[in-house]
Amino acid sequence: METLSLVRARRLALGAQGFAAPRPTGRIDRRHVRRLFDNVGCIQIDSVNVLVRAQEMPLFARLGSHTRDVLPRMSADAELFEYWGHEASLIPVEHYPLFRWRMERAYNGEAWSGLVDLHQRKPKYVEAVFDEVAARGPITAAELDPGRSRSGPWWGWHDAKRALELLFWSGRITARRGTNFERIYDLPERVLPASVLARPTPAEPDAKRALLMLAARALGVATSTDLSNYWRLNVPHTRPLVAELAEEGDLVAVRVEGWKDPAYVLPDARIPRRVNASTLLSPFDPLVWERKRLERLFGFHYRIEIYVPQPKRVWGYYVLPFLHRERFAARVDLRADRKRGTLEVRGAFAEPAITDDAIDALATELRTLGEWLGLAEVDVQRHGDLAPALRNAVARQ
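Residues numbered from 1 in each chain as written. Predicted model: local features only at pLDDT ≥ 70, side-chain atom pairs only at ≥ 80, totals over all residues. Heavy atoms only, no water.

Trainee: Before we go on, may I ask you to explain the pattern of salt bridges in this structure?
Mentor: Where charged atoms from two side chains of opposite charge approach closely, those side chains can pair. With the rule as written, the count across this model stands at 36 salt bridges. Where Lys122 meets Asp159, a salt bridge forms, and the shortest distance between an N and an O atom there is 2.6 Å. Taken together, the residues span a long stretch of sequence, with Lys122 in the loop between helix H6 (113–121) and helix H7 (123–136) and Asp159 in helix H9 (residues 159–169) at a distance of 37 residues. Taking relative accessible area as the criterion, Lys122 reaches 31% and is therefore assigned partly exposed. The shortest N-O distance in the salt bridge between Glu204 and Lys208 comes to 2.8 Å. One end of the pair is Glu204 and the other is Lys208, both in helix H11 (residues 204–219) and 4 residues apart, which spans about a single turn. Overlapping salt bridges bring together Arg335, Asp337, Arg340, Glu344, Arg346 and Asp379 as one network. (Salt bridge = Lys/Arg side-chain N within 4 Å of Asp/Glu carboxyl O. Helix = DSSP H or I, 4+ residues; strand = E, 2+ residues; numbered from the N terminus. Buried < 20%, exposed > 50% of the residue type's maximum accessible area, 1.4 Å probe, protein only.)

Pasting the structure below:
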């Protein structure tokens, strides 16, 4: 069994995620985004908008500045669909059949407990909600039940919203996002391509094997747990499938320096000679969303503190790691002050990999990010050990 040094494993992972290639020059179009999805498989969606919606940042990280309507247009044209991939995710529509087993399980009661409970208590009500979507869709939860309060249990969801989410999870309806990030529900046959809906449904083990291969391509090098977590597959149940893929030669087992568990790579995996990327990453970027793997690969401890009370936060509310070449060199707490047209750097913190070159690259990246978001100024505030040097670097540009 081949042994990979941590440096080579790192390069393999970064290359798989699209960071070995330089950002394209010129106009970014759908071809670039399709290639990005070929690399990462899916992009996680999140509602936090203190800086920019989470689904937009992976494109910026890999492609740089681009028209911000490209994902909504691709979703509107059914190139992408939303479903539970790695959490709520945008996924290329050709992968839709690979999730029918998850939809079927949800329909049979394997969804969030609050949704299952509603189905058990009010099955006729759930069917009535489906009939409303069929008759009136596309429709939002507010349009379906406009007079209800949003207070109460289950994140403030009323029964109409729960029924819609159960139907969405089970694949009986699908959804797109509106301008205010609300889900707009409709029947799949009115949204998704007929050619995709007509494709045969793979057996559950075959679908999971296909998802594991997509994960292997996206991760570059990964343990069986890493591969399973990419699509939120049950880890113990998935290990035998990983072993089968290795036995059949679809995956190759390797050792990685310092890792306890064996890892897997694709047979044709190519390790970049170097990675020169300098980019900010969303907390929901595919490279960083599995924090334990991030520590194993980069020695970088990272936790999002959105849900931590302000006095207990170590770094800040919305902290983005800064990848410089092949290491994480810094982290910055960012906020878009849209009224003032300012990108606020509320905190800036150095990592051991920080260098003068990395500080200058971070300053450039902040300027580029601000311009992309229509924010003319970058305001580096005083919090954090990196703040003085970063403020000077931004001022020099």
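And the narrative resumes.
Trainee: What is the right way to read unusual backbone geometry from this model?
Mentor: Excluding glycine, residues mostly have negative phi values, and the peptide bonds linking residues are mostly trans. With an omega of 5°, the peptide bond between Gly137 and Pro138 qualifies as cis. With respect to the helices and strands, the residue Pro138 is situated in the loop between H7 and helix H8 (141–144). Positive phi outside glycine occurs at Phe181, with the angle close to 75°. Position of Phe181 relative to the elements: it lies in the loop between strand E5 (174–177) and strand E6 (183–186). Not every positive phi belongs to a glycine, and Arg325 is a case in point at roughly 60°.

Trainee: In this structure, what is going on with the sheet that holds strand E12 (residues 342–350)? I would like to understand it.
Mentor: By way of backbone hydrogen bonds, the strands of a sheet pair with one another, either parallel or antiparallel. Taken in spatial order, the 5 strands of this open sheet run E9-E10-E11-E12-E13, and their pairing is mixed. Two strands lie at the open edges of the sheet, namely strand E9 (278–280) and strand E13 (377–380), each paired on one side alone. For this sheet, the mean inter-axis angle between neighbouring strands, taken without regard to orientation, is 30°. Where E9 and strand E10 (residues 319–324) come together, 3 bridges link them in antiparallel fashion. Bridge pairing in E10 places Leu280 opposite Phe322. Along the sheet, helix H16 (residues 387–396) contacts strand E11 (327–337), E12 and E13; its crossing angle with E13, the most-contacted strand, is approximately 160°. (Pairing = 2+ DSSP bridges. Axes fitted to C-alpha atoms, helices over the stretch in contact; angles between N-to-C directions. Contact = heavy atoms within 4.5 Å.)

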